[in-house]
Amino acid sequence: MKRVLIGTWLAAGLAIAACTPDEMPQAADGRGLYMEYCAVCHGADGKGDGEMARSMTVPPKDLTLIALRHGDEFPRAKVLSMIDGYARSDLDGPSMPEFGELLKGDLVPLDTGDGVLTPTPRKMVALLEYLESVQATR
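Anyway, here's the lowdown on the structure attached to this text. (Residues numbered from 1 in each chain as written. Predicted model: local features only at pLDDT ≥ 70, side-chain atom pairs only at ≥ 80, totals over all residues. Heavy atoms only, no water.)

1. A short note on helix α6 (residues 122-133)
Okay, so step 1: Taking 1.5 Å per residue as the helical rise, α6 with its 12 residues ought to reach 16 Å, and the 17 Å between its terminal C-alpha atoms agrees with that figure.
Okay, so step 2: Buried-residue contacts for α6 involve α2 (27-37), α5 (76-84), β1 (107-111) and β2 (117-121). (Helix = DSSP H or I, 4+ residues; strand = E, 2+ residues; numbered from the N terminus. Expected span 1.5 Å × (residues − 1). Contact = heavy atoms within 4.5 Å.)

2. Here we look at the side chain of Thr120
Okay, so step 1: With respect to the secondary-structure elements, Thr120 resides in strand β2.
Okay, so step 2: The residues touching Thr120, leaving out its near neighbours within four places in the chain, are Leu80, Asp106, Leu107, Val108, Leu110 and Val125.

3. Concerning the pairing of β2
Okay, so step 1: Pairing of β1 with β2, which is carried by five bridges, proceeds in the antiparallel orientation. Looking across to β2, one finds that Val108 is bridged to Thr120.
Okay, so step 2: If you look at the hairpin formed by β1 and β2, you'll find five residues sitting between the two strands, and Gly113 has a positive phi there, around 125°. (Pairing = 2+ DSSP bridges.)

4. With respect to the packing of α5 against α6
Okay, so step 1: Running from N to C, α5 and α6 cross one another at 120°; their axes reach a closest spacing of 10 Å. Classed by the angle they form, the pair α5 and α6 counts as oblique. For the pair α5 and α6, the crossing hand works out as right-handed. Here Arg76, Val79, Leu80, Ile83 and Asp84 of α5 come into contact with α6, specifically with Met124, Leu127, Leu128, Glu129, Leu131 and Glu132.
Okay, so step 2: In terms of residue class, the contact of α5 with α6 is built from seven nonpolar, no polar and four charged. (Axes fitted to C-alpha atoms, helices over the stretch in contact; angles between N-to-C directions. Parallel < 35°, antiparallel > 145°, perpendicular 65-115°, else oblique. Left-handed = near helix turned anticlockwise from the far one by under 90°. Nonpolar A, V, L, I, M, F, W, Y, C, P; charged D, E, K, R; others polar.)

5. A few points about the pattern of salt bridges
Okay, so step 1: A full pass over the atoms with the stated rule returns five salt bridges.
Okay, so step 2: For Arg76, the salt bridge goes to Glu129, with nearest N and O atoms at 3.0 Å. Of this pair, Arg76 sits in helix α5 while Glu129 sits in helix α6; the two residues are 53 residues apart in sequence, bridging distant segments of the chain.
Okay, so step 3: Using a relative accessible area of 21% as the deciding quantity, one classes Glu129 as partly exposed.
Okay, so step 4: Across the pair Arg122 and Asp106 runs a salt bridge, and its minimum N-O distance is 2.7 Å. Of this pair, Arg122 sits in helix α6 while Asp106 sits in the loop between α5 and β1, and the two are 16 residues apart along the sequence.
Okay, so step 5: We classify Arg122 as partly exposed; its relative accessible area is 24%.
Okay, so step 6: The class for Asp106 is partly exposed, based on a relative accessible area of 45%.
Okay, so step 7: Connected through salt bridges with shared partners, the residues Arg76, Glu129 and Glu132 form a single ionic network. (Salt bridge = Lys/Arg side-chain N within 4 Å of Asp/Glu carboxyl O. Buried < 20%, exposed > 50% of the residue type's maximum accessible area, 1.4 Å probe, protein only.)

Take it as geometry only, folks, not as evidence of what the structure does.
Below, the structure written as structure tokens:
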């Protein structure tokens, strides 16, 4: 029993050590994902002017204005929910694809603003970091 407990604690310690802040995804890591999955609709600069935007009934949002639309705060949890596909009930017409399955993979601890580290797919965090880095300021 003691060995099982020690093994469990050792595994937990290694899992936490594997998610050190040095290994956290950065904005540069998310740029390639953005260009692959998002730019066709939202445009290379995130302004909502991608090549598919012209043919859409509801134009894509300008992703550089997310923080401005939310009182100068970047709503990390809400953005993750939109990317994942969880928060889609408020969209009219054809909605954005759900990217949760495409972006799943190894998990990193992410604080979305509530002080709780939540295991989140690394690719989603990278994309989130990129989107946060391109926000316009007043």
